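If you want the building blocks of each chain, they are given just below.
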Amino acid sequence: MTQRTTKIPISSIILDEDIYPRKGIDHRRVGIFSEHIRDGFEFDPIEVEPAPDKPGRYRLLDGAHRWSAYKTTGKDNVEAIIQELDGIDPLLYAAKKAIGPRQLTEDEARNTARRAYKNNSKLSAAEIGTAVGRARQTVDIYIADLRAANQMGMDIKIFCMNRLGVPQDRISKRLGLARTSLHYHLSKMPTLASSTNSDLSQGFTVSQVAQKHGWTDPMVWSLALEGKDDRDRFKELGWGLRTWDQWDFNDCDKRFGDDWPGRIPAQLIAHILFYFSSPDDLILDPMAGGGVTPDICLALGRRCWAFDMMDQSKRPEIEPHTWTLSSNGHPAWPVSSKTKADLIIFDPPYFNKKADGYDEKSISGLSQDEYLEFLEALFTLVKRHAKKTTRLAFINADWRDFQSTPASEETGKGAIMIDDYLDILKRTGWQRTHIIQAPMSAQRFSAVVVSAMQKKRILGVTSRYVIVLKQSG
Ligand SMILES: C[S@@+](CC[C@H](N)C(=O)[O-])C[C@H]1O[C@@H](n2cnc3c(N)ncnc32)[C@H](O)[C@@H]1O
């Protein structure tokens, strides 16, 4: 923690209620302070820290009453200690300062303790107690319900990751849990499953049970469908099984995967799993986006390791990893484990389509050459980390720059076609075994857009393919 003392404009200081431990300003106290200031009394400097996301502004850590008094007396500048808290919780720091001259009331102490715990559930009751001026046991009582909910939330995350076969060292790292705490949570998993199963056996629906226990639907499906074979699982999920190599689905099944740019229909992933994997196989999804692959793996009883550059706390099973070409031209493999996947489902951004929806470091921001170079490196890398029997299911579409261009006038410049991907895949040692048409639904286009395209003879793209490959040679 570092600090410096200087004069700063009163107008640059804000009272941020998020880190203010008291219920409000005591105006009688401000009145007394104002009189002291007018009499020429010098107070200790107030304490502030730079306000996050507000350049040039400071938020109060200590001295709200002095600051209010300075304002009422018309002062422009005030002596302030500018603190850099370096990770110390500002709410607790402010609370500790506040109890110096006057204890927090019961309400204020409870409220501050709960807010501090909600901000950071790793804080101990003793740490919170020291800051709010209460005994550890009292803080235990203040935060008991939050702690129970937090433990339950942790149980649910662990249940999901464990069921998907994420190794314990990665669960610990992802959830910031010590191995001993993880073992404690893991020991509760059978009980967790049995209370959910008991509700299912009483006839409650999957979504009712999910809602009651705070689980996700796919997690409850994973229990509800346990022991059934794939075809029965399809039936229970209400999906017709496609028998031929054209898989078209009008809608994304909203029970699986999140609303996500470039979201793939859950039924499409389910069909890949049905034809190209077996129960309990390990599925790898290097760019898992809204999580449809792990969700379907839960429903169909497969294990799944999923990665994406976007770190989403509500999706702990998707581990954050950004694939980039390193100086030696190879992206790094995200895990040290020697275990190899049975099936890799790779659904990258289709060149720069939906680039606005992804992070600026996404591969959708690359030039055409860089994008192809990246894919070549990734296909090489996944082959190096695959078993002889591992299948790769690569999902992509023709990318033509047809905006405002009649079909007969397209130059083909800048286009990336499915053949280009097939060439790279062949070069990197992958042999195509199947190519399945899985067109995107055209229903989302408005009649106005369709009519304008037809008028100009523009030929749009709804084609999408699942290319399934095995290793050549
Ligand atoms: C087409 S989306 C995947 C959608 C997913 N299958 C679904 O249905 O929700 C492509 C994903 O690739 C991720 N991505 C793009 N560049 C990446 C990179 N360099 N490393 C890791 N993830 C990346 C994006 O964040 C995005 O979620």
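Residues numbered from 1 in each chain as written. Predicted model: local features only at pLDDT ≥ 70, side-chain atom pairs only at ≥ 80, totals over all residues. Heavy atoms only, no water.

### Considerations on the layout of surface pockets
Phase 1: Its volume calculated, the largest pocket comes out at about 940 Å³.
Phase 2: Taken together, 48 residues make up the lining of the largest pocket; nearest its centre are W260, P261, G262, R263 and I264.
Phase 3: Looking at the lining of the largest pocket residue by residue, the class counts come to 22 nonpolar, 12 polar and 14 charged.
Phase 4: What the second largest pocket holds in volume is close to 570 Å³.
Phase 5: If you go around the second largest pocket, you meet 23 residues; those closest to its centre are K353, F402, Q403, F445 and V461.
Phase 6: Residue composition of the lining of the second largest pocket, grouped by class: 11 nonpolar, six polar and six charged. (1 Å grid on protein atoms, 1.4 Å probe; cavity = no way out; pocket = protein on both sides within 12 Å on 5 of 7 lines; lining within 4 Å. Points joined across faces, edges and corners; volume = space filled by probe spheres on them. Nonpolar A, V, L, I, M, F, W, Y, C, P; charged D, E, K, R; others polar.)

### Describing the packing of helix α7 (residues 144-163) against helix α12 (residues 217-224)
Phase 1: Close contact between α7 and α12 brings their axes to 11 Å; oriented N to C, the two are set at 55 degrees. By the angle between their directions, the pair α7 and α12 is classed as oblique. When you trace α7 past α12, the crossing you get is left-handed. Packed against α7, whose contacting residues are I156, F159, C160 and R163, the element α12 presents M219, S222 and L223 at the interface.
Phase 2: Grouping the constituent residues of the contact of α7 with α12 by class yields five nonpolar, one polar and one charged. (Axes fitted to C-alpha atoms, helices over the stretch in contact; angles between N-to-C directions. Helix = DSSP H or I, 4+ residues; strand = E, 2+ residues; numbered from the N terminus. Parallel < 35°, antiparallel > 145°, perpendicular 65-115°, else oblique. Left-handed = near helix turned anticlockwise from the far one by under 90°. Contact = heavy atoms within 4.5 Å.)

### Thoughts on the site of the ligand
Phase 1: In the region of the ligand, 21 residues are neighbours, and W260, I264, G290, D308 and D347 sit closest.
Phase 2: Between G290 and the ligand, the recorded distance is 2.8 Å, taken from a backbone N or O atom to an oxygen atom.
Phase 3: At a separation of 2.7 Å, an oxygen atom of the ligand approaches a polar side-chain atom of D308.
Phase 4: Surface burial for the ligand is 99%, taken as the share of its 610 Å² of free accessible area covered by protein chains.
Phase 5: Of the pockets mapped on this structure, the ligand occupies the largest pocket. (Near = heavy atom within 4 Å. Polar contact = N/O pair within 3.5 Å; in protein donor to acceptor, adjacent residues only side chain to side chain. Areas by Shrake-Rupley, 256 points an atom, 1.4 Å probe, with all protein chains shown as cover. Sits in = over half its atoms within 2 Å of the grid points.)

### Observations concerning the domain arrangement of the chain
Phase 1: Split by domain assignment, the chain resolves into domain 1 (2-143), domain 2 (144-215) and domain 3 (225-471).
Phase 2: On a C-alpha basis, the centroid separation for the pair domain 2 and domain 3 is 29 Å.
Phase 3: Taken together, the contacts link 11 residues of domain 2 with 19 residues of domain 3.
Phase 4: Across the domain 2 to domain 3 interface the summed buried area is about 1200 Å²; carbon plus sulfur atoms make up 56%.
Phase 5: Taken together, the links from domain 2 to domain 3 amount to three salt bridges.
Phase 6: Residues E319 and R170 are paired through a salt bridge, measuring 2.9 Å at the closest nitrogen-oxygen approach. (Domains from an automatic or database assignment. Buried area = accessible area lost by both parts, 1.4 Å probe. Salt bridge = Lys/Arg side-chain N within 4 Å of Asp/Glu carboxyl O.)

### Some remarks on the side chain of Q312
Phase 1: Considering the arrangement of structural elements, one finds Q312 in the loop between β7 (303-308) and β8 (318-320).
Phase 2: Engagement of the side chain of Q312 in a polar contact is seen with the backbone oxygen of G289, the distance being 3.0 Å.
Phase 3: Those residues in contact with Q312 that sit more than four places away from it in its chain are R174, D258, W260, G289 and I318.

### Some points on α7
Phase 1: Taking 1.5 Å as the rise per residue, α7 with 20 residues should run 28 Å; its terminal C-alpha atoms sit 28 Å apart, in good agreement.
Phase 2: Taken together, the buried positions of α7 are occupied by L146, M154, D155, I156, I158, F159, C160 and M161.
Phase 3: Of the residues trailing α7, G165 is marked for its positive phi of about 80 degrees. (Expected span 1.5 Å × (residues − 1). Buried < 20%, exposed > 50% of the residue type's maximum accessible area, 1.4 Å probe, protein only.)

### A few points about the sheet that holds strand β6 (residues 282-285)
Phase 1: Ordered by their spatial adjacency, seven strands build an open sheet running β8-β7-β6-β9-β10-β12-β11, and the pairing between neighbours is mixed. Since the sheet does not close on itself, it has two edges, and those belong to β8 and β11 (430-437), each with one partner. Across the sheet, the mean angle separating the axes of adjacent strands is 20 degrees when strand polarity is ignored.
Phase 2: Pairing geometry for β11 and strand β12 (residues 465-471), over seven bridges, is antiparallel. (Pairing = 2+ DSSP bridges.)

### Details of the sheet that holds strand β1 (residues 2-9)
Phase 1: The strand order β1-β5-β3-β4-β2 describes an open sheet built from five strands, whose pairing is mixed. With partners counted over all chains shown, the strands left at the sheet margins are β1 and β2 (13-14), one partner each.
Phase 2: Relative to strand β4 (residues 58-62), β2 runs parallel, the two sharing two bridges. Along β4, the bridge assignment pairs I13 with Y58.
Phase 3: Against the sheet, helix α2 (residues 64-72) makes contact with β2, β3 (46-50), β4 and β5 (77-84), and its axis sits at roughly 125 degrees relative to β4, the strand it touches most.

### Some thoughts on helix α3 (residues 90-98)
Phase 1: Within α3, seven of the nine residues are buried, which leaves it mostly tucked inside the rest of the structure.
Phase 2: Along α3, the residues classified as buried are P90, L91, L92, Y93, A94, A95 and A98.
Phase 3: Along its buried surface, α3 packs onto β3, β4, β5, α4 (106-119) and α5 (125-132).

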